[in-house]
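Report on the structure
Okay, here's what each chain looks like letter by letter:
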Amino acid sequence: MYRYSLFTFLIFYAAAAFSQTESASSRIYFPGMIGINLHLYDQHQHYKRGFVLNAAMEYRPDNNPVFFRFNYDGISSSYKSDGGLYQQTNVQSGTLHVNYFVVGAGYRKKVKGIGWYLLAQTGLEQRNYDVVSGTTTGYTIKQISKTQPAFKLAGGFEYYLAPHFALVAEPAYYPNLIQHRYTSSAGNLTFSIGFTTTLF
């Protein structure tokens, strides 16, 4: 359901962006993207290709290639588990939801209507998965959340259709910063497409 709401939101702001005129005060951008996720090697669980949602707020100083961005990135991937002592959940087949809350700085270069950027961010990673417990009267399903430090490295390509509106393609890498016996995942690799625009 939230994917359809996001699509409606994106269409609304895309339409509004074409009517904007360039303004020196328009320094805050709102990138929004959707894409696919490739969950990299995990010793204990086998992940399928997943879905990623990127929502961000970006500040671009005037006449400066350096910019600052806060991201919320949500990743969902279905998996099958080998079982054993080292798995994070006792659900053998399910979906792992990972939320990233990261902030950082980047460098952007624009030539006419084409732009590219590099971005490094750090923050928190929140993993959510289900655990099932049984009793004589039935079963209980509860969601377990695990929070750890996060890092994101991304690069992007932009095609500007208007001064404050661009189509964006962004590959990104999220390494797993915590390696211990309960998680051997190498992280996530995503590729997203969408747009960025100002609200005024």
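First, a word on what this report is: a plain description of the structure on this page.

1. A short note on the environment of Asp73
- Take Asp73: it is sitting in strand 5 (residues 66-81).
- Sequence-wise, Asp73 and Ala56 are 17 residues apart; in three dimensions their C-alpha atoms are separated by 8.3 Å.
- With residues near it in sequence (within four places) discarded, Asp73 still touches Leu53, Asn54, Ala55, Val98, Asn99, Tyr100, Lys152 and Tyr174.
- A polar contact of 2.9 Å, which involves the side chain of Asp73, links it to the side chain of Lys152.
- Here Tyr174 takes part through its side chain, which lies 2.7 Å from a polar atom of the side chain of Asp73.

2. Overview of the pattern of salt bridges
- Applying the stated criterion across every chain, the model contains ten salt bridges.
- The partner of Asp73 in a salt bridge is Lys152, and the shortest N-O contact between them spans 2.9 Å. With Asp73 in strand 5 and Lys152 in strand 8 (residues 138-162), this residue pair connects regions lying 79 residues apart in the sequence. Like Asp73, the residue Lys152 is buried in the burial classification.
- In the salt-bridge network here, residues are joined through shared partners; they are Glu58, Arg60, Arg69, Asp73, Arg108, Lys152, Glu158 and Glu170.

3. Comments concerning a nonpolar patch on the surface
- Taken together, the side chains of Ile28, Met57, Tyr59, Val66, Phe68, Tyr107, Trp116, Leu118 and Phe157 define a hydrophobic patch exposed on the protein surface, amounting to about 870 Å² of accessible area.
- For the nonpolar patch, the secondary structure elements donating two or more residues are strand 4 (50-59), strand 5 and strand 7 (114-135).
- Position of Phe157 among the secondary structure elements: in strand 8.
- The class of Phe157 is exposed, set by a relative accessible area of 57%.

4. Some thoughts on the side chain of Asn54
- Note on placement: Asn54 falls in strand 4.
- Asn54 gets classed as buried once you look at its relative accessible area, which sits at 2%.
- One polar contact links Asn54 to Ser192, side chain to side chain, over a distance of 2.7 Å.
- Setting aside chain neighbours within four positions, we find Asn54 in contact with Pro31, Gly32, Met33, Asn71, Tyr72, Asp73, Lys152, Tyr174 and Ser192.

5. Focus on the packing of aromatic side chains
- Under the criterion given, the structure shown has five aromatic pairs.
- Taking 5.8 Å as the distance between ring centres and 90° as the angle between the ring planes, the aromatic pair formed by Phe67 and Tyr117 counts as edge-to-face. In this pair, Phe67 is assigned in strand 5 and Tyr117 in strand 7, connecting sequence segments 50 residues apart.
- Under the relative-accessibility criterion, Phe67 is labelled buried at 1%.
- Residues Tyr107 and Trp116 carry aromatic rings whose centres are separated by 6.2 Å and whose planes lie at 50° to one another, so their mutual orientation is tilted.
- Among the residues examined, Trp116 registers a relative accessible area of 37% and is labelled partly exposed.
- For the cation-ring pair, Arg108 lies above Phe67, with the distance from its terminal atom to the ring centre recorded as 4.3 Å.

6. With respect to unusual backbone geometry
- Of note, Asn63 is a non-glycine position whose phi angle comes to about 55°, a positive value.
- A positive phi angle, near 55°, is found at Lys112, a position not held by glycine.
- The class of Lys112 is exposed, set by a relative accessible area of 82%.

7. Details of the nonpolar core
- Membership of the largest hydrophobic core comes to 19 residues, with the highest contact counts inside it found for Ile75, Leu96 and Tyr100.
- Put simply, the parts of the chain that give this core at least two residues each are strand 5, strand 6 (93-111), strand 7, strand 8 and strand 9 (165-175).
- With four residues, the top contributor of residues to this core is strand 6.
- Non-local contacts of Tyr100, meaning those with residues more than four positions away in its chain, are made with Asn71, Tyr72, Asp73, Ile75, Leu124, Glu125, Ala150, Tyr174 and Asn188.

The rules behind these values
Residues numbered from 1 in each chain as written. Predicted model: local features only at pLDDT ≥ 70, side-chain atom pairs only at ≥ 80, totals over all residues. Heavy atoms only, no water. Helix = DSSP H or I, 4+ residues; strand = E, 2+ residues; numbered from the N terminus. Contact = heavy atoms within 4.5 Å. Polar contact = N/O pair within 3.5 Å; in protein donor to acceptor, adjacent residues only side chain to side chain. Salt bridge = Lys/Arg side-chain N within 4 Å of Asp/Glu carboxyl O. Buried < 20%, exposed > 50% of the residue type's maximum accessible area, 1.4 Å probe, protein only. Patch = residues over 30% accessible without salt bridge, like charges linked within 9 Å, V, L, I, M, F, W, Y side chains within 5 Å. Areas by Shrake-Rupley, 256 points an atom, 1.4 Å probe, with all protein chains shown as cover. Phe/Tyr/Trp six-rings, centres within 6.5 Å; stacked < 30°, edge-to-face > 60°. Lys NZ or Arg CZ within 6 Å of the ring centre and 35° of its normal. Core = buried A, V, L, I, M, F, W, Y, C linked by side-chain atoms within 4.5 Å.

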